[in-house]
Amino acid sequence: MLIECSDPVDARLEVAEIQRRVFARQGPAVLFSNVVGCRFPMLGNLFGTMDRARFIFRHSLENVRRAVELKIDPSKGLRQPGRYVRAVLAGRHMRPVQRRSAAVMKNEIQLADLPQQVSWPGDGGAFICLPLVYTEHVDRPGWQASNLGMYRIQISGGKYEPNRQAGMHYQIHRGIGVHHQAAIASGKPLRVHVFVGGTPAMTLAAVMPLPESMSELGFAGALAGFRIPLVPHLGSHIYADADFCLCGTIDPDRQLPEGPFGDHLGYYSLQHDFPVLRVEKVFHRPDPIWPFTVVGRPPQEDTAFGQLIHELTAPVISSVIPGVKAVHAVDAAGVHPLLLAMGSERYTPYQPTSRPQELLTQANAILGQGQLSLAKYLWIVDAACQSNLDIHNIADFFQCLLRRVDWSRDLHFQTQTTIDTLDYSSGSLNAGSKVVIAAAGRPIRELARDVATMRLPEGFAAARRVVIPGVLVVSGPKFPGGTSDPGLGVRFDACANDPTWTGFPLVVLVDDADFTAASLLNWLWVTFTRSNPSADLHGIGAYVEQKHWGCRGSLIIDARIKPHHAPALEVDPQVARRIDALAARGSSLSRFL
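Thresholds, definitions, all that
Residues numbered from 1 in each chain as written. Predicted model: local features only at pLDDT ≥ 70, side-chain atom pairs only at ≥ 80, totals over all residues. Heavy atoms only, no water. Helix = DSSP H or I, 4+ residues; strand = E, 2+ residues; numbered from the N terminus. Rg over C-alpha atoms; globule rule 2.2 N^0.38 Å. Buried < 20%, exposed > 50% of the residue type's maximum accessible area, 1.4 Å probe, protein only. Contact = heavy atoms within 4.5 Å. Areas by Shrake-Rupley, 256 points an atom, 1.4 Å probe, with all protein chains shown as cover. Lys, Arg positive; Asp, Glu negative; His and termini not counted. Charge placed at Lys NZ, Arg CZ, Asp CG, Glu CD. Core = buried A, V, L, I, M, F, W, Y, C linked by side-chain atoms within 4.5 Å. Salt bridge = Lys/Arg side-chain N within 4 Å of Asp/Glu carboxyl O. Axes fitted to C-alpha atoms, helices over the stretch in contact; angles between N-to-C directions. Parallel < 35°, antiparallel > 145°, perpendicular 65-115°, else oblique. Left-handed = near helix turned anticlockwise from the far one by under 90°. Nonpolar A, V, L, I, M, F, W, Y, C, P; charged D, E, K, R; others polar. Expected span 1.5 Å × (residues − 1). Arc of directions from axis to C-beta. Polar contact = N/O pair within 3.5 Å; in protein donor to acceptor, adjacent residues only side chain to side chain. Pairing = 2+ DSSP bridges. Phe/Tyr/Trp six-rings, centres within 6.5 Å; stacked < 30°, edge-to-face > 60°. Lys NZ or Arg CZ within 6 Å of the ring centre and 35° of its normal.

K.L.:
Hey, could you run me through the overall build of the protein in this one?
P.N.:
Looking only at helices and strands, the protein has 17 helices and 30 strands in total. Taking 593 residues into account, the globule formula puts the C-alpha radius of gyration at 25 Å, and the protein, at 25 Å, falls close to it. Taking the principal axes of the C-alpha coordinates as reference, the protein spans close to 75 × 65 × 50 Å. Buried positions account for 57% of the 593 residues belonging to the protein. Taking all contacts inside the protein whose residues are at least 6 apart in sequence as the whole, residues at least 24 apart take part in 72%. Per element, the accessible surface of the protein, about 24300 Å² overall, is 51% carbon and sulfur. Within the protein, one finds 58 positive and 54 negative side-chain charges whose respective centroids are separated by 5 Å.

In structure tokens:
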């Protein structure tokens, strides 16, 4: 599960290129013990496989699952006390324990002494990519109202004062924003501690979408199997078991450009003003190890976080949102751009109908839940439509929905709203549109697989491919400019009377149909990261009636690259050749490179 790499490797681009290759081959965690120009070893790919992630939490994961079951139905503890006694006992670990001293505070260094990880050639500097960012509410100090989140930290480059300032990028709808707003309102600087290392339970807790009333430190204690140790420090607390700790404050009135940074949607998040962390101290424990990760086009190592989160939280969904059976934030599409859901039509059993009704109520409830609110495309289907429908079988899910959807009524838009900070499909930060696509009832069409005789509008390339039955990918001309192509649907209206189009309710216009249709993963990534619903959804026979947009023929998603999109991530070819040479020399990692 762990291998040491003693070859000299550079934290600039090389460790990231190695980590991506090892992850792609489902390889072990890698301890880089000879980092060029840095005295600290780096640990990558710790969560690189689900088997390893489950092994890390092997003593506590089941207890946490059962605690979730009790949260849903406390009476289970009375009916099956033997099953839940250990889950109840695990609750004693949820209260942090206070210490007088911490090993992490024994040594002091500067930011420049830390590993200077740069993952992609266009990154604006070095970043901490597995940080545990801890804050407490200025009006309610203490761990009970604290926030522990994973918000990337830029420690070099840009306009930051070396060794004195760092950039802190946090996305919309994150818990730290509540603390930051309270600090601004009070006119006080927000004290921040950035931890690196320690128990992996803290890492998972930092990315868990917990309700604001639940402490990440409590969750981490339950998952770790012991109470999280804290040391009081300057009106806040330091996590005593961390390997490294940055201490500082965020000035309420100061921002500087942060980024660019190659992010988990597979594109660069561009440079924008973000809060500045005034760094006062940088501590480390004796013989520390610097854990890191690398993000990029999914799947990457952070995919394991999503799977673990689903395993722990999936049973809660139906208790939080009545009628909803399951949700699936699709990792291959960058998580927030695409959310699948299965609901139920329960309220009018005496009036069977194929029209989605309660599904729309459930969709609105989903979009009102924490980070689920960031979903850009929400596709929801009545679970009764198909027995044993598996929401994680994406091809099957889409076919079930596309057999039933009626584009004249089943599209519901939200415009001028918030979307994921990392999603540039609208060209604006934190802003864009959403669409809910709902389907229920009996099938209204058969899905086609054959495009041999299909006619395309004039001016479009002949390249056309079927991804899954009912989904057609077409190579189109280069996007003309602006934020949308308003005449696109009209050009396809010429196909309205072609019977071969009937079996393709969904058409996706792309730059390269061969690449997009080469795999389901490619299609998911291209389609949902390169389109903004209100601008890029068109249709054959489109119309507006009482402010409702619909179409009588196929729905068209324009997923071509637009001028306002962020650039896609690409590997530096020289770095790739250096890693190829490392493999050829017989490195301990050769079989994974």
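K.L.:
Sorry, what's going on with the nonpolar core here?
P.N.:
Within soluble globular proteins, side chains that are nonpolar generally end up buried alongside one another. With 53 residues, the main nonpolar core has Leu338, Trp379, Phe398, Trp523 and Leu524 as its most contacted residues. Considering each element in turn, this core owes the most residues, seven residues, to helix H12 (residues 394–402). If we ignore the near neighbours within four places in the chain, the residues touching Phe398 are Leu338, Leu340, Trp379, Ile468, Trp523, Leu524 and Phe528. Of all hydrophobic cores here, the second largest spans 50 residues; its members include Cys5, Val9, Leu114 and Ile128.

K.L.:
What am I meant to see in the pattern of salt bridges here?
P.N.:
Side chains bearing opposite charge may pair, as long as their charged atoms lie close to each other. Taken as a whole and judged by the stated rule, the model has 20 salt bridges. Residue Arg21 pairs with Asp580 through a salt bridge whose shortest N-O separation is 2.7 Å. With Arg21 in helix H1 (residues 14–24) and Asp580 in helix H17 (residues 573–584), this pair connects stretches of sequence that are 559 residues apart. With relative accessibility at 12%, the residue Arg21 sits in the buried group. A salt bridge links Arg409 to Asp410; its shortest N-O distance comes to 2.8 Å. Take Arg409: its relative accessible area is 18%, and that puts it in the buried class.

K.L.:
How should the packing of H1 against H17 be read in this particular structure?
P.N.:
The packing of two helices is summarised by the inter-axis angle and the distance between the axes. One can describe the packing of H1 onto H17 by two numbers: an axis separation of 10 Å at closest approach and a directional angle of 65°. Accordingly, the angle class assigned to the pair H1 and H17 is roughly perpendicular. The way H1 lies across H17 gives a crossing that is right-handed. Two secondary-structure elements touch here, H1 through Glu14, Glu17, Ile18 and Arg21 and H17 through Val575, Ala576, Arg578, Ile579, Asp580 and Leu582. Per-class residue counts for the contact of H1 with H17 are five nonpolar, no polar and five charged.

K.L.:
Hey, could you run me through unusual backbone geometry in this one?
P.N.:
If a residue is not glycine, its phi is most likely negative; likewise, a peptide bond is most likely trans. A cis amide bond links Gly259 with the next residue in sequence, Pro260, at an omega value of -5°. Within the fold, Pro260 resides in the loop between strand E14 (244–258) and strand E15 (261–262). Here the residue pair Pro298 and Pro299 is connected by a cis peptide bond, since its omega of 5° sits within 30 degrees of zero. You can see Pro299 is positioned in the loop between strand E18 (290–291) and helix H9 (303–313).

K.L.:
Is there a simple way to explain H17 in this structure?
P.N.:
For the α-helix, the turn length of 3.6 residues means that residues three or four positions removed from each other point alike. A rise of 1.5 Å per residue sets the reference length of H17, with its twelve residues, at 16 Å; its end C-alpha atoms lie 16 Å apart and thus fit the reference within 8%. For H17, every residue scored as buried is listed here: Val575, Ala576, Ile579, Leu582 and Ala583. Relative to the axis of H17, the buried residues are bounded by an arc of 115° and lie together on one face. Exposed residues pointing more than 90 degrees away from the buried face of H17 are listed as Gln574, Arg577 and Ala584. At its buried positions, H17 is contacted by H1. Of the residues flanking the start of H17, the one acting as N-cap is Asp572, its side-chain oxygen 2.9 Å from the backbone nitrogen of Gln574.

K.L.:
Would you explain the sheet that holds strand E26 (residues 506–510) in this entry?
P.N.:
By definition, the strands of a sheet pair up through backbone hydrogen bonds, in either a parallel or an antiparallel sense. Strand order in the open sheet made by the five strands is E24-E25-E26-E30-E27, with mixed pairing throughout. Of all strands in the sheet, those bounded by a partner on one side alone are strand E24 (464–466) and strand E27 (537–539). Shown here is a sheet whose adjacent strand axes are inclined to one another by a mean of 25°, direction ignored. In the packing of helix H15 (residues 520–529) onto the sheet, contacts are made with strand E25 (471–475), E26 and strand E30 (555–558), and the angle to E26 comes to roughly 80°.

K.L.:
Would you explain the packing of aromatic side chains in this entry?
P.N.:
Two measures describe an aromatic ring pair: the distance that separates the ring centres and the angle between the ring planes. Applying the stated criterion to the full structure yields 20 aromatic pairs. On the numbers, 6.1 Å between centres and 85° between planes, the contact of Phe413 with Trp549 is edge-to-face. Placement of Phe413 in strand E22 (residues 411–418) and of Trp549 in strand E29 (residues 548–551) is noted, with a sequence separation of 136 residues between them. Put simply, the rings of Tyr377, Trp379, Phe397, Phe398, Trp523 and Phe528 pair up and form one aromatic cluster. The ring of Trp120 has Arg20 lying over it, and the distance from NZ or CZ to the ring centre is 3.9 Å. Directly above the aromatic system of Phe55 lies the positively charged group of Arg58, at a separation of 3.9 Å from the ring centroid.

K.L.:
I'm lost on the environment of Ile184 in this one. Help?
P.N.:
Summarising the element assignment, Ile184 is placed in helix H6 (residues 176–186). As a C-alpha pair, Ile184 and Asp251 span 67 residues in sequence and 8.6 Å in three-dimensional space.

K.L.:
What should I look at first to understand the sheet that holds strand E2 (residues 29–32) in this one?
P.N.:
If you trace the four strands from one edge of the open sheet to the other, you get E1-E2-E3-E18, paired in mixed fashion. Each edge of the open sheet carries a strand with a single partner, namely strand E1 (2–5) and E18. Strand direction decides the pairing type here: E2 and strand E3 (residues 42–44), joined by three bridges, are antiparallel. Opposite Val30, over in E3, you have Gly44 as the bridge partner.

K.L.:
I tried to follow the side chain of Ser587 on my own but got confused; where do I start?
P.N.:
Positionally, Ser587 belongs in the segment after H17. With relative accessibility at 9%, the residue Ser587 sits in the buried group. Among the polar contacts listed, one links the side chain of Ser587 to the side chain of Asp7, at a separation of 3.0 Å. For Ser587, the residues in contact, after removing those within four places along its chain, are Asp7 and Leu582.

K.L.:
Please clarify how the pairing of strand E17 (residues 272–284) should be interpreted in this entry.
P.N.:
Where strand E5 (residues 107–109) lies against E17, three bridges are found, and the strand directions are antiparallel. Opposite Ile109, over in E17, you have Val282 as the bridge partner. Judged from the three bridges that link them, strand E10 (residues 165–168) and E17 form a sheet pairing that is antiparallel. Paired with Gly167 across the strands is Val276, a residue of E17. Summarising the sheet, E14 and E17 pair through eleven bridges and their orientation is antiparallel. Residue Ile250 lies in a different strand from E17, and its bridge partner there is Leu277.

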